[in-house]
Amino acid sequence: MFDLNSLNPPQQEAVLHDKGPLLILAGAGSGKTRVITHRIAYLVEERGVSPYSILAITFTNKAAKEMRERAERLLGSATSGMWVMTFHSMCVRILRRYAVHLGYTQDFTIYDTDDVKSQMRKIMKDLNINSKQFSPRVFISAISKAKNECISADEFAKTAYDYIDKQIARVYKEYQKRLQDNNAMDFDDLLLNTVILFDTVGEALNYYNDRFQYIMVDEYQDTNTAQFRLIKHLANHRNERGEYEHNLCVVGDDDQSIYKFRGADITNILSFENTFINAKVIKLEQNYRSTQKILDVANEVISHNYGRKDKKLWSAQDGGADVTFIQYGTDIEEATGVVREIQKKVDNGALYSDFAVLYRTNAQSRLFEERMIRMNMPYKLVGGVNFYQRREIKDILAYLKILVNPRDAAQIMRIANVPKRGIGDTTLDKLAEYADYTGCSLYEAMCSESGRASAPRAAKKIEEFVELIESFKEYKAENTIEELIGHIVAEIDYKDYIAAIDEDDDKTNDRMENISSLVDKAVDYEENAGADASLEDFLSEVSLVADIDMVDDDKDAVMLMTLHGAKGLEFPCVFICGMEENVFPSGMSQEPGEIEEERRLCYVGMTRAKKELTLTCAKQRMIHGMTTANNASRFIMKDVPRHMLHIAGHAHESFMHNYKSSLDPYKITRTSPYENPYTAYKKASASYSSASSAGDVPVRELTPAAPTGPGFEVGDMVNHPRYGAGKVTRIDKGSKDFEITVDFDGISRKMLASFAKLTKI
DNA sequence: CAAAAGTAGGTTTTT
DNA sequence: CCTACTTTTG
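Nothing here was measured: the structure is a model prediction, and the numbers come from that model.

### Brief notes about the protein's contact with DNA strand C
Here is step 1 of the chain: Neighbouring DNA strand C are the residues Arg121, Arg366, His624 and Gly625.
Here is step 2 of the chain: Counting only the atoms of DNA strand C within 4 Å of the protein, the fraction contributed by sugar and phosphate is 100%.
Here is step 3 of the chain: Between DNA strand C and arginine 121 there is a distance of 2.4 Å, counted from a phosphate oxygen to a side-chain nitrogen or oxygen.
Here is step 4 of the chain: Of the residues that constitute the surface near DNA strand C, the class distribution is no nonpolar, two polar and two charged.

Okay, here's the thing in structure tokens:
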């Protein structure tokens, strides 16, 4: 049973919303999961909707699990039949059923980023693309971006005009062909192929449209184009009178959109009302998580972004502790100080699990880890080197994957010589060549007499390898996954193999322990899945786990993670560390749009805190082995009025000095006694950015910038004496000159208008 | 074909 | 700084 009275009026309205599209703009900590779960319970209990026709989509398995558990608690019954899962697992589920329509078998393999990377390296080699000139990264991210936008290899080729795009088109096509040959999909394919499936196979779409009457999507602000199209397809159920109902309920917060780099398209949420006509919009603005003091600071920061949906979070918990800011001398002092601070509070009765240390990049975790180990402080590290990326895990998984999908050449390449059995790269190359020539798969080449003849010296070894794999297949048919893994590890003497690689026994033991964790996961899986357990299902589950999914909440330990990793979580006390220019915001983010995304990330981080929020930075920090000095982050120095922070620590004096001097760089003439200089700067330069109106920031008129333009506009084609033809992609007004960003064949360069000898073509 | 040594390049965030 | 790839040597 559930109680509507426990909800506030807008929450109730959202839960009780009848039919048709619904957008819930849910600010941080406003109880969105509560609303979704109550809505599910309401639909099932009060409106007689079958759980079978409800689909709830999240981004992480952890969120999905939590949502299902909470819905079940409200309903007091199991919600079997209801789909509560991530985009990716949903797509896998759909594709396993219909893969044949797309030229895959249902046993297709899922490639993770490492698989993709090695595949890409191979392709570049084969296509004679200089890896010095282009890093595989360039191609990988370009292809990923295209897939996220539902652009196929052929479509990409049609609009590829410059050299680099043509290269990408060529690589994209080859890459896709190889994945298809290997019966494999990468993460982006899971989404894109499902979209293609729904575009082309009416039978598949009809099946799911008949089934899903109510659809909920969590974290809607982070959806990309492929996900958007997927949702659009799925939300086409017709009622018994044949009318579309679009019972689509999306929940999100544009201020928490932090995955643009991964293709998330913020316009999905900003224009929801245009896409789904007659959509109802409900705002949840009461925050139940944080104190007002924390929200004040967070609101102040986010208010510096443009083009937001208008809303303002407020809390019923008035007051609270001041938000603290500490500038340390060095990154080491920062780590020591933070760890000490946590220990002090634990000594005074807090739990370790009350604390989270958040940072911009994973690399920053190291110092905290070191300090915590030394201080004997229990911690949980989220992210970093993923469990499933470890060599020993990937090796064992490769063996398993081959058993399910023998066409997957990448896995065979990986372990054909693991452990060493005399099948080296040259042998594999010859086999691959034979396979390519005859049009069979690598494994088939290994199985055939004539295939082995292409590498006569190793023929015997190859035959033995094939026999080994076949014996595993037989073993698999009769035994559990748990037993299978043990069997493989024993048969190939894996321990001896890694012991020979590792410097010391500790490392080898570590690795063996990791393998037994993998076995544990297999046991878990088999217990959960019961009679439905299958190796391919286990493998896809394993491929789709996120770092955050692996965290067990029971252990009393401090959490260490990136700001991204913290989304959707909350902690009584939060430390955001490394709040320095070039660290946070990242030095990689330069353009206004990118800075805004960093600012949203800052907002997300701050709003994780329930009771206490501490922001720290260091004057000096070691980055890539070099000592660097950075100013405190603009998110503190320029976004938050001084009086809202409690400034602590020994660096107080020098900080105050910096605080003042940091106001100068932009040399903006103030029009009022005090105006946040960064805001003023942005207003002055607003005419040069495409940003829309200023949301809830009160706009005061400033003297417009000097009318003299740079002589070019964005989009113009220009000629440069050295770099040749290029396209103007950006124009920024500097203090006395215009900075022009020009794209020359994919390489973008910044230059000052008065110095660069640019001519318009 | 395997192991060791050397070197170059890249390090934002991740399902 | 660290890893992952390349080159060299056995």
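And the narrative resumes.
### Some details on the layout of surface pockets
Here is step 1 of the chain: In this model, the second largest pocket occupies a volume close to 1,400 Å³.
Here is step 2 of the chain: Lining the second largest pocket are 41 residues; nearest its centre among them are Gln119, Lys122, Ala409, Met413 and Ala432.
Here is step 3 of the chain: Going through the elements one at a time, helix 5 (113–126), helix 8 (163–181), helix 17 (391–404), helix 18 (409–415) and helix 19 (425–438) are the ones with two or more residues in the lining of the second largest pocket.

### Regarding the protein's contact with DNA strand B
Here is step 1 of the chain: Around DNA strand B, 25 residues are found, and the nearest of them are Arg360, Lys420, Thr426, Thr427 and Ala546.
Here is step 2 of the chain: Counted by atom, the contact set of DNA strand B within 4 Å of the protein is 56% sugar and phosphate.
Here is step 3 of the chain: Measuring from a phosphate oxygen of DNA strand B, one finds a backbone N or O atom of asparagine 362 at 3.1 Å.
Here is step 4 of the chain: Separating a phosphate oxygen of DNA strand B from a side-chain N or O atom of threonine 427 is a distance of 2.4 Å.
Here is step 5 of the chain: Of the residues that constitute the surface near DNA strand B, the class distribution is six nonpolar, 12 polar and seven charged.

### Notes on the side chain of asparagine 299
Here is step 1 of the chain: Tracing the sequence through the fold places asparagine 299 in helix 14 (residues 292–302).
Here is step 2 of the chain: Residues within four places of asparagine 299 in sequence aside, it is in contact with Lys312, Leu313 and Tyr603.

### Brief notes about the sheet that holds strand 2 (residues 54–58)
Here is step 1 of the chain: Strand order in the open sheet formed by six strands is 3-2-6-7-1-8, and the pairing between neighbours is parallel. Of all the strands in the sheet, just strand 3 (83–86) and strand 8 (280–284) have a single pairing partner and so form its edges. Across the sheet, the mean angle separating the axes of adjacent strands is 15° when strand polarity is ignored.
Here is step 2 of the chain: For strand 1 (residues 22–26) and strand 7 (residues 248–252), the ladder comprises four bridges, and the chain directions are parallel. Considered in strand 7, the bridge of leucine 25 is made with glycine 252.
Here is step 3 of the chain: Along the sheet, helix 2 (residues 32–45) contacts strand 1, strand 2, strand 6 (214–217), strand 7 and strand 8; its crossing angle with strand 6, the most-contacted strand, is approximately 170°.

### Points about the packing of aromatic side chains
Here is step 1 of the chain: Enumeration over the complete set of coordinates arrives at 17 aromatic pairs.
Here is step 2 of the chain: Between tryptophan 83 and tyrosine 208 the ring centres are 5.8 Å apart and the planes differ by 55°, which places this aromatic pair in the tilted class. On the criterion of sequence distance, the pair formed by tryptophan 83 in strand 3 and tyrosine 208 in helix 10 (residues 202–211) is long-range, its members being 125 residues apart.
Here is step 3 of the chain: Put simply, the rings of Trp83, Tyr98, Phe198, Tyr207, Tyr208 and Phe212 pair up and form one aromatic cluster.

### Notes on the packing of helix 9 (residues 187–200) against helix 10
Here is step 1 of the chain: Close contact between helix 9 and helix 10 brings their axes to 5 Å; oriented N to C, the two are set at 100°. Considered as vectors, helix 9 and helix 10 are oriented roughly perpendicular to each other. Mapping the contact onto sequence places Leu197, Phe198 and Thr200 in helix 9 and Gly202, Ala204, Leu205 and Tyr208 in helix 10.
Here is step 2 of the chain: A per-class count over the contact of helix 9 with helix 10 returns five nonpolar, two polar and no charged.

### A closer look at empty space enclosed by the protein
Here is step 1 of the chain: Per the stated rule, a full pass over the model turns up four cavities of 30 Å³ or more.
Here is step 2 of the chain: Estimated volume of the largest cavity: approximately 80 Å³.
Here is step 3 of the chain: Contributing to the lining of the largest cavity are Arg96, Asp107, Phe108, Thr109, Ile110, Lys401, Val404, Asn405, Glu536, Leu539, Ser540 and Ser543.
Here is step 4 of the chain: Top contributing element to the lining of the largest cavity by residue count: helix 26 (residues 535–543), with four residues.
Here is step 5 of the chain: The residue makeup of the lining of the largest cavity, split by class, is four nonpolar, four polar and four charged.

### Considering the pattern of salt bridges
Here is step 1 of the chain: According to the stated counting rule, one finds 37 salt bridges in the structure shown.
Here is step 2 of the chain: Between glutamate 219 and lysine 567 there is a salt bridge, with the nearest N and O atoms lying 3.6 Å from each other. Taken together, the residues span a long stretch of sequence, with glutamate 219 in the loop between strand 6 and helix 11 (225–234) and lysine 567 in the loop between strand 14 (558–562) and strand 15 (571–576) at a distance of 348 residues. Both residues of the pair, glutamate 219 and lysine 567, count as buried.
Here is step 3 of the chain: One salt bridge connects arginine 599 with aspartate 639, and the closest N-O pair in it is separated by 2.7 Å. Here arginine 599 is found in helix 27 (residues 592–606), whereas its partner aspartate 639 is found in the loop between helix 28 (634–637) and strand 18 (645–648), with 40 residues between them in sequence. Aspartate 639 shares its class with arginine 599; the two are buried.
Here is step 4 of the chain: Salt bridges sharing common partners tie together Lys32, Asp218, Glu219, Asp222 and Lys567.

### As for a negative patch on the surface
Here is step 1 of the chain: A surface patch of negative charge is lined by Glu482, Glu483, Asp520, Asp524 and Glu527.
Here is step 2 of the chain: Broken down by secondary-structure element, the contributors of at least two residues to the negative patch are helix 23 (481–491) and helix 25 (505–529).
Here is step 3 of the chain: If one sorts the elements of the negative patch by residue count, helix 25 sits on top with three residues.
Here is step 4 of the chain: One can find aspartate 524 in helix 25.

### Points about unusual backbone geometry
Here is step 1 of the chain: The linkage connecting phenylalanine 584 with the following residue, proline 585, adopts the cis geometry, with an omega of 5°.
Here is step 2 of the chain: A positive phi angle, near 55°, is found at asparagine 183, a position not held by glycine.
Here is step 3 of the chain: Phi at asparagine 278 takes a positive value of approximately 65°, unusual for a residue other than glycine.
Here is step 4 of the chain: Looking at the element boundaries, asparagine 278 is found in the loop between helix 13 (272–275) and strand 8.

### Some points on the pairing of strand 15
Here is step 1 of the chain: The buried fraction of strand 15 amounts to five of the six residues, a majority that puts the element mostly inside the structure.
Here is step 2 of the chain: Pairing of strand 12 (residues 355–359) with strand 15 involves four bridges; the strand directions are parallel. In the sheet register, phenylalanine 355 faces strand 15, and the bridge partner there is cysteine 573.
Here is step 3 of the chain: Strand direction decides the pairing type here: strand 15 and strand 16 (residues 609–623), joined by five bridges, are parallel. For phenylalanine 575, the partnering residue across the bridge sits in strand 16 and is threonine 614.

Each value, and the rule that gives it
Residues numbered from 1 in each chain as written. Chains lettered and ligands numbered in written order. Predicted model: local features only at pLDDT ≥ 70, side-chain atom pairs only at ≥ 80, totals over all residues. Heavy atoms only, no water. Near = heavy atom within 4 Å. Polar contact = N/O pair within 3.5 Å; in protein donor to acceptor, adjacent residues only side chain to side chain. Nonpolar A, V, L, I, M, F, W, Y, C, P; charged D, E, K, R; others polar. 1 Å grid on protein atoms, 1.4 Å probe; cavity = no way out; pocket = protein on both sides within 12 Å on 5 of 7 lines; lining within 4 Å. Points joined across faces, edges and corners; volume = space filled by probe spheres on them. Helix = DSSP H or I, 4+ residues; strand = E, 2+ residues; numbered from the N terminus. Contact = heavy atoms within 4.5 Å. Pairing = 2+ DSSP bridges. Axes fitted to C-alpha atoms, helices over the stretch in contact; angles between N-to-C directions. Phe/Tyr/Trp six-rings, centres within 6.5 Å; stacked < 30°, edge-to-face > 60°. Parallel < 35°, antiparallel > 145°, perpendicular 65-115°, else oblique. Salt bridge = Lys/Arg side-chain N within 4 Å of Asp/Glu carboxyl O. Buried < 20%, exposed > 50% of the residue type's maximum accessible area, 1.4 Å probe, protein only. Patch = residues over 30% accessible without salt bridge, like charges linked within 9 Å, V, L, I, M, F, W, Y side chains within 5 Å. Areas by Shrake-Rupley, 256 points an atom, 1.4 Å probe, with all protein chains shown as cover. Lys, Arg positive; Asp, Glu negative; His and termini not counted. Charge placed at Lys NZ, Arg CZ, Asp CG, Glu CD.

Spatial relationships are all this shows, so hold off on functional conclusions.
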